[in-house]
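Residue strings, one per chain:
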Amino acid sequence: MHLVIVGNGVAGITAAMAVRAKDPQAEITIISGESEYFFSRTALMYAYMDIMQRRDLEPYERKVFREQRLTLRKDWVVDLDAGARQLRTQGGATLSYDKLLLATGSRGRRAPWERDLEGVVRFVSLQDLDACERLTPGTRRAVVAGGGLIGVELVECLVHHRVPVTFLVREPSYWPAALSPEEGEMVAAHIRAQGVDLRLGTEVASMEGEGKVAGITTTAGEAIACQMVGVTIGVEPNVEWLRSVKTPPDLNRGVLTDQAFRTSLPDVFAAGDVAEVTGRIEPLWYAAKRQGEAAALSMMGERVEYAPPAYYNSAKFFHLEWTCAGETKGPGRFRKLPGREASVRVIERDGMAVGFSMLGTRWNHRVLVKWVEQRLRVDDVMKRLSEAQYDVEFGRVAL
Amino acid sequence: MIRDRLYHDLTNRGITGWIVAALLVWFYIALYFTENLTPWAQKVGLSSKWDLYGVLYTVVILVGGIAMIRKYGHNRYQVVRTAVVMFVQVVFAFSIPMMLKALHQPEYYLSYFWPLKFDYMNPEYLFRQPWPFVVYTLAASLVIVPLLAALFGKRWYCSWVCGCGGLANTMGEPWRHLSDKSSAAWKFEKVSIYSVLCISLALTGLLFYSWFTKSKAPEVVQFQTWYGLIVGSILSGAVGTGLYPLGGTRVWCRFFCPMAALLGITQRAGKRFHIRVKEDMCISCGLCSKYCEMGIDVRAYAQRNESFTRASCVGCGICSEVCPRGVLRLENQSGLVQISGGR
Ligand SMILES: Cc1cc2nc3c(=O)[nH]c(=O)nc-3n(C[C@H](O)[C@H](O)[C@H](O)COP(=O)(O)OP(=O)(O)OC[C@H]3O[C@@H](n4cnc5c(N)ncnc54)[C@H](O)[C@@H]3O)c2cc1C
Ligand code: SF4
Ligand code: SF4
Ligand code: SF4
């Protein structure tokens, strides 16, 4: 069997290794355009901050790929012919497959006000990182538009390089997608304390410059001169390239698949950020890994019925760590921890704890997820909360 | 900007890094093999170059320790650990020996034990000392030190007490990430560290044999001299500390220290100390591996959801500190009690 995987991100590589673990004979080729070797997209910020070097981003030693006989090719796939079971690459090569996995990930969304000027960056790929590094020395002010998790990472990098940053966030409170207004206020205060000019409820209205960015005008009508504009208004499945191939799979926002990661094309599967599995996109590292593993089983003919586990996530806003489990929105009990930049919030429905949002201290999400699944009463959970704490030794925070 | 670039150069094997390494090696060579430092010691009113070294060592640990506490002030483990390291250095590794010396007594370094302090188990030396010291040394080296390592991991010594570890975790902090993370380095480590352990055990055995039989073969004398020169001076001093800016802070501790080998074995046999990995939360960013001074590829365990105990882990806790997703936690407890809800 020749398995071809398009995309060497965590979904593709995890799938390749899972297939290899079960099938020593299979021929496995991974073809990806961004880099030859798998790297951690999640660590882009540490490379930009220069606390890691490019090579440090690679989660596996390079010899692992030789030892596991995974053939790596650096090229962009430009055509897919499911009838002939063939791929064509930008480099002009043709590849035949028996099974194909599309794991092409996400790309940064384009903003309506965006213009193709030097100085406009995203923060998703290695090429974006190169652009950021190239632009940093000549930047006297940067504007970052979009207050999601990638936005705040980019802001942190710029602050690290002592570049003054204006951070424009559309919503009136910081990241309402997951944070309550009180939490949003804590995070906003924390971001401002790092010297960031954070503007809530403000967007970019237009962009100025000839060839190069000279500045932007905000929706409040203010003109801000800048040499770099970070567009971090979210990511979307990387499916554009599939719209123009000979036999496109069914697409919606992502590549549509069933619970076993099968697309509408025979022997073509999809997993990771690019896949819309029974109508759901999970653009998370752990999800891509889990999907890659499950898709591998499916490609080897095992019965797979993927159902995402209860939601959890974690992030870091500069120095503020955050963990969530279950639901994050809705009424709940919020408590700011005394004398600390930290809080706990338990989301409540019908007297049950349905979710947690914990800011500023460490938590074991496994325990929180378990409580959500067990549908415990909020009153009981509040009493047992310390069982889920995960602080360092001597550092247990009083709740 | 210039300051940032200089710091980066110094801590990432740039020209300044090489210059500092050369100066450090030169300093150790001057210290161990010449008397060039003696006049300097006398100038500041100290009687020998070794006293000068003690003063410098203590000052550097204090300065580095304060910087460390400022950097990691939000992490109680780091604050407590660093404070203890500074305290031990000032009291046990500096003040007490200096006082004993002033009182014309032999200088005892009560925070160092065999086989790191090799002479303390040399019968010719040991049994000529007053009995409380003999009892202290035997009990500590043979029972207490390994016992504590079985209970709390080798960290109780290597990152809370030992002066070599103390220097690494204070002054050495800016260079900790330079340790080699490759699996080849791990292979080399296993060969080198257990070889040094075997050699030092063999030499101790020979010294006891000579002492019992009251006949010391010239080969044993030679062996002892070579051991002192290569292990004691070159590897622990010039290589171990001198190469901080090139090989990271724990070259000696990781590849050569016989005590590390013993404590590593005990730490694994004790099955209590471990680094717990929070399931399915690792984003494989690699900060933990990058900042592990022992060159342990922590990420490899974390991304497999595997809690672990590595013999070389000194329990410095920095992997846990830098992890942006709070995945890692240092713990002492028997058996890996799974508080998780399962998968
Ligand atoms: C800055 C940043 C920080 C993040 N932080 C977190 C985090 O903290 N936690 C978290 O859970 N998630 C985080 N994510 C999201 C996480 O990185 C993704 O969910 C994950 O990388 C998805 O993996 P994947 O394998 O599906 O795709 P990707 O990692 O995107 O890999 C797909 C690869 O396929 C290549 N490719 C695409 N099209 C083609 C083609 N036609 N031919 C050849 N190759 C192609 C791409 O270039 C890419 O290299 C972050 C993302 C970014 C950008
Ligand atoms: S490895 Fe050896 S020198 Fe290093 S801290 Fe431990 S005992 Fe001290
Ligand atoms: S694994 Fe962690 S605790 Fe152990 S030595 Fe490395 S960084 Fe320190
Ligand atoms: S630092 Fe944390 S998230 Fe990053 S690789 Fe290590 S364990 Fe995983």
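Residues numbered from 1 in each chain as written. Chains lettered and ligands numbered in written order. Predicted model: local features only at pLDDT ≥ 70, side-chain atom pairs only at ≥ 80, totals over all residues. Heavy atoms only, no water.

K.L.:
Whenever I open this one, the site of ligand 2 confuses me. Can you help?
P.N.:
All names here are of chain B. Inspection of the region around ligand 2 gives L116, Y157, C158, C162, C164, G165, R250, W252, C253, C257, M259 and A260 as its neighbouring residues. Elements supplying a minimum of two residues to the shell around ligand 2: helix 8 (155–158), helix 9 (163–168), helix 13 (251–255) and helix 14 (258–270). Grouping the amino acids of the shell around ligand 2 by side-chain chemistry returns 10 nonpolar, one polar and one charged. (Near = heavy atom within 4 Å. Helix = DSSP H or I, 4+ residues; strand = E, 2+ residues; numbered from the N terminus. Nonpolar A, V, L, I, M, F, W, Y, C, P; charged D, E, K, R; others polar.)

K.L.:
Please clarify how the interface of chain B and chain A should be interpreted in this entry.
P.N.:
Often the size quoted for an interface is simply the accessible area lost on bringing the parts together. On the chain A side, the residues contacting the 45 residues of chain B number 41 residues. Both sides together, the interface formed by chain B and chain A hides about 3700 Å², and carbon and sulfur atoms give 46% of it. The interface formed by chain B and chain A contains six salt bridges. Here R366(A) and E279(B) are joined by a salt bridge, their closest N and O atoms 3.6 Å apart. The tally of links between chain B and chain A comes to 24 residue pairs in polar contact (both at pLDDT 80 or more). Counting residues per element, the ones that place at least two in the side of chain B that touches chain A are helix 1 (2–11), helix 5 (76–102), strand 1 (273–277), helix 15 (287–290), helix 17 (318–322) and strand 2 (328–332) of chain B. (Contact = heavy atoms within 4.5 Å. Buried area = accessible area lost by both parts, 1.4 Å probe. Salt bridge = Lys/Arg side-chain N within 4 Å of Asp/Glu carboxyl O. Polar contact = N/O pair within 3.5 Å; in protein donor to acceptor, adjacent residues only side chain to side chain.)

K.L.:
I'm lost on the domain arrangement of chain A in this one. Help?
P.N.:
Residues and elements named next belong to chain A. Each domain of chain A was delimited in the assignment, giving domain 1 (2–107 + 235–299), domain 2 (120–231) and domain 3 (312–388). Distance between the C-alpha centres of domain 2 and domain 3: 29 Å. Across the boundary between the two partners, domain 2 contributes 20 residues, which contact 18 residues of domain 3. Taken together, the two surfaces of domain 2 and domain 3 that pack against each other cover about 1700 Å², and 72% of this comes from carbon and sulfur. Run the count over domain 2 and domain 3 and you get one salt bridge. In this structure, R345 engages E183 in a salt bridge whose closest nitrogen and oxygen atoms are separated by 2.9 Å. At the junction of domain 2 with domain 3, the criterion picks out six residue pairs in polar contact (both at pLDDT 80 or more). (Domains from an automatic or database assignment.)

K.L.:
Any chance you could explain the packing of helix 7 (residues 131–152) of chain B against helix 14 of chain B here in plain terms?
P.N.:
If you want to describe how two helices pack, look at the angle between their axes and the distance between the axes. Residues and elements named next belong to chain B. Running from amino to carboxyl end, helix 7 crosses helix 14 at an angle of 45°, the nearest separation of the two axes being 7 Å. Regarding the angle of helix 7 to helix 14, the classification is oblique. As helix 7 runs across helix 14, the sense of the crossing is right-handed. Contact residues: helix 7 offers V145, P146, A149 and A150, while helix 14 offers M259, L263, T266, Q267 and G270. Each residue belonging to the contact of helix 7 with helix 14 can be placed in one class, and the counts come to six nonpolar, three polar and no charged. (Axes fitted to C-alpha atoms, helices over the stretch in contact; angles between N-to-C directions. Parallel < 35°, antiparallel > 145°, perpendicular 65-115°, else oblique. Left-handed = near helix turned anticlockwise from the far one by under 90°.)

K.L.:
For this particular structure, what's the right way to read the sheet that holds strand 6 (residues 94–96) of chain A?
P.N.:
Note on sheets: strands pair through backbone hydrogen bonds, and any given pair is parallel or antiparallel. All names here are of chain A. Ordered by their spatial adjacency, three strands build an open sheet running 4-5-6, and the pairing between neighbours is antiparallel. Only two strands of the sheet have a single neighbouring strand rather than two, namely strand 4 (77–81) and strand 6. Along the sheet, successive strands turn relative to each other by an average axial angle of 20°, direction set aside. (Pairing = 2+ DSSP bridges.)

K.L.:
Help me understand the site of ligand 4 in this model?
P.N.:
Near ligand 4 the following residues occur: C282(B), I283(B), S284(B), C285(B), G286(B), C288(B), R299(B), A302(B), C323(B), P324(B), V327(B) and L328(B). When grouped by side-chain class, the residues that make up the shell around ligand 4 number nine nonpolar, two polar and one charged.

K.L.:
Any chance you could explain the pairing of strand 10 (residues 142–145) of chain A here in plain terms?
P.N.:
Every other side chain in a regular strand lies on the same face of the sheet, so the side chains alternate between the two faces. All names here are of chain A. Burial along strand 10 is two-sided: A142 and V144 and V143 and A145, pointing in opposite directions, are all buried. Summarising the sheet, strand 10 and strand 11 (residues 165–169) pair through four bridges and their orientation is parallel. Looking across to strand 11, one finds that V144 is bridged to F167. What joins strand 10 to strand 11 is helix 5 (residues 149–160), and the crossover it makes is right-handed. As judged from the four bridges shared by strand 10 and strand 16 (residues 228–231), these two strands associate in the parallel manner. Residue A145 lies in a different strand from strand 16, and its bridge partner there is V231. (Buried < 20%, exposed > 50% of the residue type's maximum accessible area, 1.4 Å probe, protein only. Right-handed = clockwise from strand over helix to strand, strands pointing away.)

K.L.:
What should I look at first to understand the sheet that holds strand 2 (residues 27–32) of chain A in this one?
P.N.:
Residues and elements named next belong to chain A. Read across the sheet, five strands follow the order 3-2-1-7-19 without closing on themselves; strand pairing throughout is parallel. Every other strand in the sheet has two partners, leaving strand 3 (70–74) and strand 19 (268–270) as the edge strands with one partner each. Between one strand and the next, the sheet's axes are offset by a mean angle of 20°, whatever the strand orientation. Pairing between strand 7 (residues 99–102) and strand 19: three bridges, direction parallel. When the sheet's bridge partners are listed, L102 is paired in strand 19 with A270. Docked against the sheet, helix 1 (residues 10–22) engages strand 1 (2–6), strand 2, strand 3 and strand 7, running at close to 175° with respect to strand 2. The sheet contacts of helix 7 (residues 285–299) involve strand 1, strand 7 and strand 19, and relative to strand 7 the element is tilted by about 165°.

K.L.:
Hey, could you run me through a nonpolar patch on the surface in this one?
P.N.:
A contiguous nonpolar patch, built from L142(B), V143(B), I144(B), L147(B), L151(B) and F152(B) and spanning about 520 Å² of accessible area, is present on the exposed surface. The topology assignment puts L147(B) in helix 7. (Patch = residues over 30% accessible without salt bridge, like charges linked within 9 Å, V, L, I, M, F, W, Y side chains within 5 Å. Areas by Shrake-Rupley, 256 points an atom, 1.4 Å probe, with all protein chains shown as cover.)

K.L.:
What should I look at first to understand helix 4 (residues 49–71) of chain B in this one?
P.N.:
Because an α-helix packs 3.6 residues into every turn, residues spaced three or four apart end up facing the same way. Residue and element names in this part refer to chain B. The terminal C-alpha atoms of helix 4 lie 32 Å apart, and with 23 residues this matches the ideal 33 Å at 1.5 Å per residue to within 8%. Among the residues making up helix 4, those that are buried are K49, D51, L52, Y53, G54, Y57, T58, I61, G64, G65 and M68. Here the buried face of helix 4 lies against helix 2 (15–33), helix 3 (38–43), helix 5, helix 9 and helix 17. (Expected span 1.5 Å × (residues − 1).)

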